[in-house]
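# Chains, contacts and geometry: an overview
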Amino acid sequence: MDDYNSETDSDYASYWRDWFISTRGHEYFCEIDEDYLTDRFNLTGLQPEVHYYQYALDLITDVFDFDCDDETRESIEKSAKHLYGLVHARYIITTRGLQKMLEKYKKCDFGRCPRVLCRSHPLLPIGLSDVAHSKSVKLYCAKCEDVYSPKSSRHATIDGAYFGTSFPHILFQVYPALIPPKVNERYIPRCFGFKTHAMAALARWQEEQRANQDRRLLEAGVEVRRVESETIGDDSSSDDAS
Amino acid sequence: MDEEESWVSSFCNVLGHEYFAEVAEDFIEDDFNLTGLGSTVPMYKEALEMILDVEPEDDSDSMGSASESLSGDPTYRRSRGHQRTASDYSVIESSAELLYGLIHQRFITSRQGIQVMYEKYLANHFGFCPRVNCNSARVLPCGFSDTPGQETVKLFCPSCCDIYVPPNSRFQSVDGAYFGTTFPTLFLMTFPELDISGNGRKDLIASSSLNPSGGRRGARDTILPPINGIPANNIAPGLGKGKKYEMRIYGFKVNERARSGPRMGWLRDKPENLEELDEFAQYGGDAADDSDSAISEIEDDGEEDEEEEVEEDDEEAEEGLAYGPGVGASAVRVKRERGAKREEVAGEVR
């Protein structure tokens, strides 16, 4: 970041992106490279999505020098955040972006899976829609392959489209060594130590589905990594994969 | 020592103790309910006294009538005259917490306690399932083990039949054994018609008035016929087709043959036709016979709380647990109606 920042806006951080990603609630975002933002090709189609597109882009790239009243400034600020989010969704599936997000993933910046049997596996942000303003950001657990709502309400206001629906899956396609082994262990509800029939029947059915899938994959010659269970605190499997 | 706030209610008001129900005093006073706890809890008597607020004050004169109601043991009362040290006090305090937790584990599986927990459930005291496809279904506190000191409290989501870590770290200090492994299961068996999916929550709050006589407590209008003893809409409503997350890249599903492809679908799966789960009907002939026998089984709805029957005889046991002996007649009626409805629906499905 040795760029041409104008020190004119006193009440804003000198680097808009630095400020943006360090804001509370924006912990999931990574910093988009300057040259990615300045390449117009990467911004194709975003112009109609964002009001004050040019000003917003200037603000993000720290070349904003437009004198305006506070109200306009505020809406430009809002547009800039939106634009940043939309570019972010594109950026994080590039090689560079994946690396940055991977670092955050390893640091558990996105939190840990609330499911007990996932043993606090780190999560990844995901959108359930690629269209802006439709759904807030969710968190994907690679271990149980399910999506969860962030526990903090400050993340509930972040648009899921800023991360996109494909990001975690592309990450694991690019870094297949990071795919955690899948765990067969499951929770069995019990009453005074006895399983209840309805739940046990469902569990039997589900395990049959799993066996069927394993058989299908075996026939297709695909390796399946499953472990019966994991002890608590056994995070080594996910760490040494890198 | 009649204070406005008893030890029990002040314990339940501590930050992080939001999941606890206030155990009724008469439940604690009944020695039968405390069987076996004396050997697991250190300083049992003192701890019990503390829970029941019969702790002596500095001057022995102020020992109220409450203490007499608890222990008529004269030797014990004499020994209490001397002052306790602060370290004693903290040991008793932690023993009291352990004892209360273990009593709580038993209380919430009692008829009275489960009603208290039911109200807490309706008041959203336990929070919601973090899983997106569960639609914020309410969760129930549970333990991973019934032995204290092993695991902290977890949350069971009846909608996806899985357990989760409470979202707030203040619950990390609450022992899971204080809720026990049985409670969520027994809760669902006690209120089989409760809408456990996240969808109808508003209706539920509206009709949350408790009806101890066994009426339809917060139930939906349409209850599907039971499969394996549970109304079909209450078998993991958050699972199955449309409720399963499918990994997609640029809108295309990732094939299971891909190295990074889906492998955990089974965990969130459920048959589209729930009758597939009725193993008895699958192996033992046609479903019509089965539903007939289900109705006749209910009519001798005599037994209650026979835990040993849960696995083998789940239909009977669940009915017993669900309605109890006092409401047997209405249970039979409801069941008859449901049996009739089941045949209609079964006809549609085929």
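Now for a quick tour of the structure. Keep in mind the model is a prediction, meaning the values are calculated, not measured. (Residues numbered from 1 in each chain as written. Chains lettered and ligands numbered in written order. Predicted model: local features only at pLDDT ≥ 70, side-chain atom pairs only at ≥ 80, totals over all residues. Heavy atoms only, no water.)

With that settled, consider the environment of V153(B). Residues and elements named next belong to chain B. Mapped onto the secondary structure, V153 falls in the loop between β1 (140-142) and β2 (154-157). Classification of V153 by relative accessible area gives buried; the value is 0%. For the pair formed by V153 and G229, sequence separation is 76 residues and the distance between their alpha carbons is 28 Å. (Helix = DSSP H or I, 4+ residues; strand = E, 2+ residues; numbered from the N terminus. Buried < 20%, exposed > 50% of the residue type's maximum accessible area, 1.4 Å probe, protein only.)

Glancing now at the interface of chain A and chain B. Between chain A and chain B, the contact holds 56 residues from the first and 56 residues from the second. Buried area between chain A and chain B, both sides added, is near 5,400 Å², and the carbon and sulfur share of it is 62%. Of all residues in chain A, Y187(A), H197(A) and W205(A) give up the largest surface area on contact with chain B, accounting jointly for 13% of the area buried on that side. The interface formed by chain A and chain B contains five salt bridges. The closest approach of N and O atoms between R268(B) and D146(A), which form a salt bridge, is 2.6 Å. Taken together, the connections running from chain A to chain B amount to 24 residue pairs in polar contact (both at pLDDT 80 or more). Of all the elements in the fold, those that place two or more residues in the side of chain A that touches chain B are β2 (138-141), β3 (146-148), α6 (167-174), β4 (182-183), β5 (190-191), β6 (194-195) and α7 (197-219) of chain A. The element that contributes the greatest number of residues to the side of chain A that touches chain B is α7(A), accounting for 13 residues. A breakdown of the residues in the side of chain A that touches chain B according to their chemical character gives 30 nonpolar, eleven polar and 15 charged. (Contact = heavy atoms within 4.5 Å. Buried area = accessible area lost by both parts, 1.4 Å probe. Salt bridge = Lys/Arg side-chain N within 4 Å of Asp/Glu carboxyl O. Polar contact = N/O pair within 3.5 Å; in protein donor to acceptor, adjacent residues only side chain to side chain. Nonpolar A, V, L, I, M, F, W, Y, C, P; charged D, E, K, R; others polar.)

Through backbone hydrogen bonds, the strands of a sheet pair up, either in parallel or in antiparallel fashion. Residues and elements named next belong to chain B. Within the open sheet, the three strands sit side by side as β1-β2-β3. Their pairing is antiparallel. The open sheet has two free edges, formed respectively by β1 and β3 (162-164), since each of these has just one partner strand. Across the sheet, the axes of successive neighbouring strands diverge by a mean angle of 40 degrees, strand direction being ignored. Here β1 runs beside β2; their pairing, made up of three bridges, is antiparallel. Across the sheet, L140 pairs through a bridge with F156, a residue of β2. Against the sheet, helix α9 (residues 183-190) touches β1 and β2, its axis set at about 140 degrees to β1. (Pairing = 2+ DSSP bridges. Axes fitted to C-alpha atoms, helices over the stretch in contact; angles between N-to-C directions.)

Attention now goes to the nonpolar core. L83(A), F163(A), F172(A), L99(B), Y100(B), F179(B) and F187(B) are the most contacted members of the largest nonpolar core, which totals 139 residues. Ranked by residues supplied to this core, first place goes to helix α7 (residues 86-107) of chain B with eight residues. Once you skip the residues sitting within four places of it in the chain, F187(B) turns out to touch I114(B), M117(B), Y118(B), Y121(B), L140(B) and L194(B). (Core = buried A, V, L, I, M, F, W, Y, C linked by side-chain atoms within 4.5 Å.)

On to the state of the cysteines, then. All names here are of chain A. Applying the stated criterion across every chain yields a total of zero disulfides over all chains. As a non-bridged cysteine, C118 has C144 as the owner of its nearest cysteine sulfur, 3.5 Å distant. On the basis of relative accessibility, which here comes to 1%, the residue C118 falls in the buried class. Here C141 is not disulfide-linked; the sulfur of C113 is the nearest cysteine sulfur, at 3.6 Å. (Disulfide = S-S within 2.5 Å.)

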